[in-house]
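As a plain string of letters, each chain reads:
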Amino acid sequence: MVRIENLTVRAGEFEITDVNFEIPEGKYGVLMGKTGCGKTTILEAVCGLKNVTGGKIFVSDRDVTNELPGRRGIGFVPQDGSLFTTKTVRKHLAFSPKVRGWKSDAIAKRVDELAAELGLTDLLDRKPHGLSGGERQRVALGRALAVKPAVLCLDEPLSALDEDTHAEMVELLKRVTAENGITVLHITHSRREAELVGDLQFRIEDGRVIGV
Amino acid sequence: MHPILRNFFLVLTALAFAGCGKKDGTDTKPLVMFCAAGMKKPVTAIAKQYEEEYGIPVEIQFGGSGTLLAKLDIGKGDIYLAGDSSYTDLAKEKGHVAETMGVAYMRAGFAVAKGNPKGIAALADVKRSDLKIAIGNPGAASVGKFTKKILSKHGLWDGFEPTVTFPTVNEIANTVKLGTVDAGIIWDAVASQYSDLDFVNVPEFEAEKKDITVGVLTDSKQPTEALKFCRYLTAKDKGLMVFAADGYEPVETADMWAKTPEVALFSGAMLRPAIEKSIEKFEAREGVKINPTYNGCGILVSQMKAGETPDAYFSCDQSFMTMVEERFSKPTTVSANEMVMLVKKGNPESVLTLPDLKKDGLKIGFSHPKKSALGALTQRLLESEGLYKEIMDTGNVVPASATGDFLVNQIRSNALDVVIVYRSNAMANTGSTADVDIIEINRPKSIAVQPFAIGQGSAHPNLVRRFYETFVSEAGKAEFLKYGFRWELAEEN
Amino acid sequence: MSKSDKPFLAAISSLAAIYLLLIVLMLVADAIYGFRAVPFSSDDPDKASLVKIFTDKAVINSIKLTLFSCTVSAILSLIVAVPTGYLLSRYNFPGKLLVDAILDIPIVLPPLVVGLSLLLLFNKMPPGGTSFEDMLNSLGIEITFNVAAVIIAQFSVACAFSVRTMRNTFDQISPRTEQVAQTLGCSRARAFFSVVIPESWRGISTAGTLAWTRSMGEFGPILVFAGTIPNKTEVLSSTVFLEITTGSLETAVIVSLMMVTIAVVVLVGVRMWDRKNEGGLYHG
């Protein structure tokens, strides 16, 4: 679950104040808003990549407002995937477990598992160069999900995809998160997309978040 | 640990070992020499020879004389050999250089392409409109300064426009070699390194030689070793031979090489206290031996006439130098010593003037007139006062001793009542001034002047000259004054 | 290619060609001058020959020292430049403009001044009595007029170039990748080593070779601070200088051509190795 209380965040000249919303456990939340209205900022704040000037952030009922990004139980998929260009897909999936000290056989097992779940098994030894848009998104997703976070944050994951891949991706996201009971915070500028994926929808208007 | 981090540490460790391991394992500390780049060939050869003979390495840093000058300041070097003496002099003025030794001479002239195609033959050719000429920058290169001086002297500098000027002499030579100019005014020693260039002498340049000197640095941590190498470099039979082979004209007054040269010094006995300390200091600093023979000058002169050839003679008086002057180079008067009368403390006999010596019952001591300058001068003094015969006739004078020191002892032990000695004899011992009183004479002929001269056939003329410079330095002068000598040498300007 | 694009290509190619031609012609001039004057071997003790030059102990030691010192200097430059470039790229702090300017100073200072400054720093500071050099000497470490001075002199200038290169490299890598790594559990340090450095391998390679070649060409600071002592602190660049000052222009040119050859071999080698590792220095 993820809950935001009275959050105030500053991003350069720009400030978002008194953000309040909650996504119950296992639910798929979508935050909509025009480009540049602050939704990415809120996402970054939730992930711990931006300093908050006021308010609290709760993940699984734990106050993570002052925690390091890696200690919040959150997986992050940025807008263009931001893959590691010099590492293989396998290394992407194994990255988080390795950093967190998992044993190598546990890592290998998890990698195979994830690859199967996301259809990446044939691509395991490829590097990001030459992968299609959809494949890259799946790798980014797998990387974020590797250690089974409680919450998954997605920044416009579908914007760059073509029609067919779009539909595939929507289906994949819903299935994977539902199967693993992951709470999702998905931000987008498209209302249609929000309606396709989300259990809950929020909207940013005039610097405030309102439920829909 | 992360692979990248691990590799970095491995590299760092390897570096640390590699870098540190670059130190000498040997005990002999090398000499550090700053040498003008133009002399690389002869100096490298001499240093190599020296290392082979004595096992001491010489680390040479080459560069422009001016650039090297900047390095003298940091106190890490031992020797400085500049492309010409004006730099060495500058270094001496700044206090970086202690001793200097002459190496060779250079003359300026025109370097031209082989065969002298443009037919350059006279100094006035600099004004030829069909010639491209390169010179040294008068502000930066000593050859440039020299060029300007000579050209100005002969009225050729005004209106002279060189095609190009360079800050170092080698660059001038290079540009002639490459054919970008027709001639360059450089040193003959530099020109001889360029086998594809010819050199044209002209009388106006020939008339003035420039010299190259090597200097030992004041901050050197191994002055004795540095001096030794410099002696080797400037030795007639060692370093200078290499320079001559490379087209340099070596200095005429050069020492023969010896690892520990021995200098035979004949010195009037009365000078002993004044120069003893200087001898010690000099021996220690240069690592050489000075063998002084102190005696009455009369004896010394006889020895010389019998065939002895000392490297130097420091005489008690001018008259005794004149007797052997053909054996020595031109003497320099260093000090003066007044003759005084010594009487027992309290002057019980009341001897106050020279005529008082005629008093009855006095036991008088004089130095031997033939064996010592003191004796001869005493005789001369008394004769000039018209007293000599009378005093001798009184029978008061006991048989003469050879030296003033002996007379001082006799008066201290009460064997005599009055003696005539040098003031320095009296002041040689702090004890003696307590036992006796000094009675001034102050007559025209009561002063002896001491000249110093270097032997004509000496194998170590420069070494002796440096020794001379030691005892006429401020510290050396103080020793003379301490013992009652007067200083006669004019101040160096 | 459409007709209208051909003139454009011709124009930019010509400009490139002119400069290339200048460089190649310089080398050709050197080669002709040098090889015409210096025979392969010679019995005359006064005449230089290729055999003599390349079997001269001093020249061989000079080559060895050059390779060693340039490599060490390049490594040190990278060790400093990578974190410094990262700092300048990712962080803001008071006085950053000033720091930026200071880091460019070694590029602007005339090389001889760099050498003189180092000489003064080590031997005349701190003022009054024991200098840094004296302190180090008492610990058994000798810098001035030793190999260490060669490396320090080269590093002082080369690093400035590397810092600039790395700063640009990091500027072009989106901070997102590090941020993702952080969310995956990396500390900033770990993110730096595991993600940022592999991502910037091309920039690192460029910065490293730039430092290496810059070190090789530099001789002013070495001349003053390390002295060009044959068999001890003489490197190829100072060998060339010495040969010129003693009028052996042909030998200077030959040695320079050798330097160029070594540099080209290294540069091409590094590029080829880069290409082989396309997609990663460290395989994932």
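It should be emphasised that the depicted structure is a prediction, and the values quoted were computed from it without experimental measurement.

## As for the overall build of chain A
Part 1 of the reasoning: Secondary structure assignment for chain A yields six helices and 10 strands.
Part 2 of the reasoning: A compact globule built from 212 residues would reach a C-alpha radius of gyration of about 17 Å, and chain A, at 17 Å, matches this within 12%.
Part 3 of the reasoning: Viewed in the frame of its principal axes, chain A has a C-alpha envelope of about 45 × 40 × 30 Å.
Part 4 of the reasoning: When burial is assessed residue by residue, chain A has 54% of its 212 residues classed as buried.
Part 5 of the reasoning: Contacts in chain A between residues at least 24 apart in sequence constitute 70% of all its contacts with a sequence separation of at least 6.
Part 6 of the reasoning: Carbon and sulfur atoms make up 46% of the accessible area of chain A, which amounts to about 9,600 Å² in all.
Part 7 of the reasoning: Where the 30 positive side-chain charges of chain A centre and where its 31 negative ones centre are 6 Å apart.

## Some words on the interface of chain A and chain C
Part 1 of the reasoning: With 25 residues of chain A in contact, the opposing surface of chain C contributes 22 residues.
Part 2 of the reasoning: Both faces considered, chain A and chain C share a buried interface measuring about 2,000 Å² in area, 57% of it formed by carbon and sulfur atoms.
Part 3 of the reasoning: Our count for the chain A to chain C interface comes out at one salt bridge.
Part 4 of the reasoning: Across the contact surface, chain A and chain C share seven residue pairs in polar contact (both at pLDDT 80 or more).
Part 5 of the reasoning: Those elements that provide at least two residues to the side of chain A that touches chain C are helix H1 (39–47), strand E6 (74–77), helix H2 (89–99) and helix H4 (133–145) of chain A.
Part 6 of the reasoning: In terms of residue count, the dominant contributor to the side of chain A that touches chain C is H2(A) (four residues).
Part 7 of the reasoning: Its residues placed into classes, the side of chain A that touches chain C shows 11 nonpolar, seven polar and seven charged.

## Some remarks on the domain arrangement of chain C
Residue and element names in this part refer to chain C.
Part 1 of the reasoning: Each assigned domain of chain C is listed with its residue range as follows: domain 1 (1–37) and domain 2 (40–282).
Part 2 of the reasoning: A separation of 29 Å is found between the C-alpha centroids of domain 1 and domain 2.
Part 3 of the reasoning: Summed over both partners, the interface of domain 1 with domain 2 comes to about 680 Å²; 80% of that surface belongs to carbon and sulfur atoms.
Part 4 of the reasoning: Our count for the domain 1 to domain 2 interface comes out at zero salt bridges.
Part 5 of the reasoning: If you look at where domain 1 meets domain 2, you find zero residue pairs in polar contact (both at pLDDT 80 or more).
Part 6 of the reasoning: Its residues placed into classes, the side of domain 1 that touches domain 2 shows five nonpolar, one polar and one charged.

## Some thoughts on the packing of helix H7 (residues 147–171) of chain C against helix H10 (residues 201–217) of chain C
All names here are of chain C.
Part 1 of the reasoning: The contact between H7 and H10 brings their axes to 8 Å, and the two run at 160°. One way to sum up the angle between H7 and H10 is to call them roughly antiparallel. Between H7 and H10 lies a crossing whose hand is right-handed. Contacts between H7 and H10 involve Gln154, Val157, Ala158, Phe161, Ser162, Thr165, Met166 and Thr169 on the former and, on the latter, Gly203, Ile204, Thr206, Ala207, Leu210, Ala211, Arg214 and Ser215.

## A word on a negative patch on the surface
Residues and elements named next belong to chain A.
Part 1 of the reasoning: A grouping of Asp162, Glu163, Asp164 and Glu168 is seen on the molecular surface, where their side chains present a negatively charged patch.
Part 2 of the reasoning: Of note, Glu163 is situated in helix H5 (residues 163–179).
Part 3 of the reasoning: For Glu163, a relative accessible area of 65% puts it in the exposed group.

## Looking at the sheet that holds strand E4 (residues 52–59) of chain A
Residues and elements named next belong to chain A.
Part 1 of the reasoning: If you trace the four strands from one edge of the open sheet to the other, you get E2-E1-E4-E5, paired in antiparallel fashion. In this open sheet, the two edge strands, each paired with only one partner strand, are strand E2 (14–23) and strand E5 (62–63).
Part 2 of the reasoning: The pairing of strand E1 (residues 2–11) with E2 spans seven bridges and is antiparallel. Residue pairing in the sheet places Val2 in a bridge with Ile23 of E2.
Part 3 of the reasoning: Here H1 sits on the sheet and contacts E1, E2 and E4; the angle it forms with E1, its principal contact strand, is near 115°.

## Thoughts on H5(A)
All names here are of chain A.
Part 1 of the reasoning: For H5, with 17 residues, the first-to-last C-alpha span of 25 Å sits near the 24 Å given by 1.5 Å per residue.
Part 2 of the reasoning: Within H5, burial applies to Thr165, His166, Met169, Val170, Leu172, Leu173, Val176 and Thr177.
Part 3 of the reasoning: Residues of H5 that are buried make contact with strand E3 (28–32), helix H3 (104–118), H4, strand E7 (151–155), strand E8 (183–188) and helix H6 (191–197).
Part 4 of the reasoning: Of the residues that open H5, the one with a side-chain oxygen 3.2 Å from the backbone nitrogen of Asp164 is Asp162.
Part 5 of the reasoning: With its phi angle positive at about 60°, Gly181 sits one or two positions after the end of H5.

## Quick word on the packing of aromatic side chains
Part 1 of the reasoning: Counted by the stated rule, this structure contains 33 aromatic pairs over all chains.
Part 2 of the reasoning: Where Phe452(B) meets Phe471(B), the ring centres are 5.2 Å apart and the plane angle is 75°; that geometry is what we call edge-to-face. In this pair, Phe452(B) sits in strand E19 (residues 447–454) while Phe471(B) sits in helix H19 (residues 461–471), placing the two residues 19 residues apart along the sequence.
Part 3 of the reasoning: Look at Phe471(B) and you get buried, because its relative accessible area is 0%.
Part 4 of the reasoning: Ring pairing ties together the aromatic residues Phe282(B), Phe314(B), Phe452(B), Phe467(B), Tyr468(B), Phe471(B), Phe480(B), Phe485(B) and Trp487(B), which thus form one cluster.
Part 5 of the reasoning: The ring of Phe84(A) carries Arg143(A) above its face, with NZ or CZ at 4.6 Å from the centroid.

Calculation notes
Residues numbered from 1 in each chain as written. Chains lettered and ligands numbered in written order. Predicted model: local features only at pLDDT ≥ 70, side-chain atom pairs only at ≥ 80, totals over all residues. Heavy atoms only, no water. Helix = DSSP H or I, 4+ residues; strand = E, 2+ residues; numbered from the N terminus. Rg over C-alpha atoms; globule rule 2.2 N^0.38 Å. Buried < 20%, exposed > 50% of the residue type's maximum accessible area, 1.4 Å probe, protein only. Contact = heavy atoms within 4.5 Å. Areas by Shrake-Rupley, 256 points an atom, 1.4 Å probe, with all protein chains shown as cover. Lys, Arg positive; Asp, Glu negative; His and termini not counted. Charge placed at Lys NZ, Arg CZ, Asp CG, Glu CD. Buried area = accessible area lost by both parts, 1.4 Å probe. Salt bridge = Lys/Arg side-chain N within 4 Å of Asp/Glu carboxyl O. Polar contact = N/O pair within 3.5 Å; in protein donor to acceptor, adjacent residues only side chain to side chain. Nonpolar A, V, L, I, M, F, W, Y, C, P; charged D, E, K, R; others polar. Domains from an automatic or database assignment. Axes fitted to C-alpha atoms, helices over the stretch in contact; angles between N-to-C directions. Parallel < 35°, antiparallel > 145°, perpendicular 65-115°, else oblique. Left-handed = near helix turned anticlockwise from the far one by under 90°. Patch = residues over 30% accessible without salt bridge, like charges linked within 9 Å, V, L, I, M, F, W, Y side chains within 5 Å. Pairing = 2+ DSSP bridges. Expected span 1.5 Å × (residues − 1). Phe/Tyr/Trp six-rings, centres within 6.5 Å; stacked < 30°, edge-to-face > 60°. Lys NZ or Arg CZ within 6 Å of the ring centre and 35° of its normal.

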